[in-house]
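Residue-level structural notes
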Amino acid sequence: QVQLVESGGGLVQAGGSLRLVCAVSGTFFRIDDMDWYRQAAGKQREVVATITSGGSTDYVDSVKGRFTISRDNVKNTVYLQMASLKPEDTAVYYCHAAIRESWYRESRDYWGQGTQVTVSS
């Protein structure tokens, strides 16, 4: 069974840094796109950063220049390095991956359990 396990959230002061880690475990054929989403209290979940299997990245405008997404295709892990954090970055952050369990199956969506990031002013 495929699982995504996140770590690295916590409480940090404004201007600080955190690194989120999401490790994929289980048996599967291939991981396609990997993403980080976040959901602040009372708001809809939004995509923060995306990285393709080839390493192309994209970011929501509010984090460009501050966050960096990367992945290790050997370790089946995706990272989100967050710098210059602001109180408005406070949210639960979720890892997402599009994973093909077998070569003949289409990708399915998998989600991590979420990790809280709180930025104090």
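Here is what the cut-offs are and how they apply
- Residues numbered from 1 in each chain as written.
- Predicted model: local features only at pLDDT ≥ 70, side-chain atom pairs only at ≥ 80, totals over all residues.
- Heavy atoms only, no water.
- Buried < 20%, exposed > 50% of the residue type's maximum accessible area, 1.4 Å probe, protein only.
- Helix = DSSP H or I, 4+ residues; strand = E, 2+ residues; numbered from the N terminus.
- Pairing = 2+ DSSP bridges.
- Patch = residues over 30% accessible without salt bridge, like charges linked within 9 Å, V, L, I, M, F, W, Y side chains within 5 Å.
- Areas by Shrake-Rupley, 256 points an atom, 1.4 Å probe, with all protein chains shown as cover.
- Salt bridge = Lys/Arg side-chain N within 4 Å of Asp/Glu carboxyl O.
- Contact = heavy atoms within 4.5 Å.
- Core = buried A, V, L, I, M, F, W, Y, C linked by side-chain atoms within 4.5 Å.
- Phe/Tyr/Trp six-rings, centres within 6.5 Å; stacked < 30°, edge-to-face > 60°.
- Lys NZ or Arg CZ within 6 Å of the ring centre and 35° of its normal.

What to know about the pairing of strand β7 (residues 67–72)
The alternating pattern of β7 places Phe-67, Ile-69 and Arg-71 on a buried face, while none of Thr-68, Ser-70 and Asp-72, on the opposite face, is buried. One ladder, built from 6 bridges, connects β7 with strand β8 (residues 77–82); its direction is antiparallel. Counterpart to Ser-70 in the pairing with β8 is Tyr-79.

Things to note about a nonpolar patch on the surface
Side chains of Phe-29, Trp-103 and Tyr-104 sit close together on the surface and give an oily, nonpolar patch of about 430 Å² of accessible area. If you trace the backbone, Trp-103 turns up in the loop between β9 (91–100) and β10 (108–111). Since its relative accessible area comes to 61%, Trp-103 is described here as exposed.

Considerations on the side chain of Thr-77
Residue position: Thr-77 is located in strand β8. We classify Thr-77 as buried; its relative accessible area is 6%. Excluding anything up to four places from it in sequence, Thr-77 contacts Val-21, Cys-22, Ala-23, Met-34, Ser-70, Arg-71 and Asp-72.

Let's talk about the nonpolar core
Counting 30 residues, the largest nonpolar core has Leu-4, Trp-36, Leu-80, Met-82, Tyr-93 and Ile-99 as the members making the most contacts within it. Here this core gets 5 residues from one element, more than from any other, and that element is β9.

As for the environment of Thr-115
Mapped onto the elements of the fold, Thr-115 is located in strand β11 (residues 115–120). For the pair Thr-115 and Gly-9, spaced 106 residues apart in sequence, the C-alpha separation works out to 5.4 Å. Residues contacting Thr-115, with those up to four places away along its chain left out, are Glu-6, Gly-9, Leu-20, Ala-91, Val-92 and Tyr-93.

A look at the packing of aromatic side chains
Under the criterion given, the structure shown has 2 aromatic pairs. On the numbers, 4.9 Å between centres and 65° between planes, the contact of Tyr-37 with Trp-111 is edge-to-face. Highlighted residues: Tyr-37 in strand β4 (residues 30–39) and Trp-111 in strand β10, separated in sequence by 74 residues. Centre to centre, the rings of Trp-103 and Tyr-104 are 5.5 Å apart; their planes meet at 85°, and the pair counts as edge-to-face. Considered together, Trp-103 and Tyr-104 belong to a single accessibility category, that of exposed residues. Above the plane of the ring of Tyr-94 lies Arg-45, whose end atom (NZ or CZ) is 3.8 Å from the centre. In this structure, Arg-45 is placed above the aromatic ring of Trp-111, and the distance from its NZ or CZ to the ring centre is 4.9 Å.

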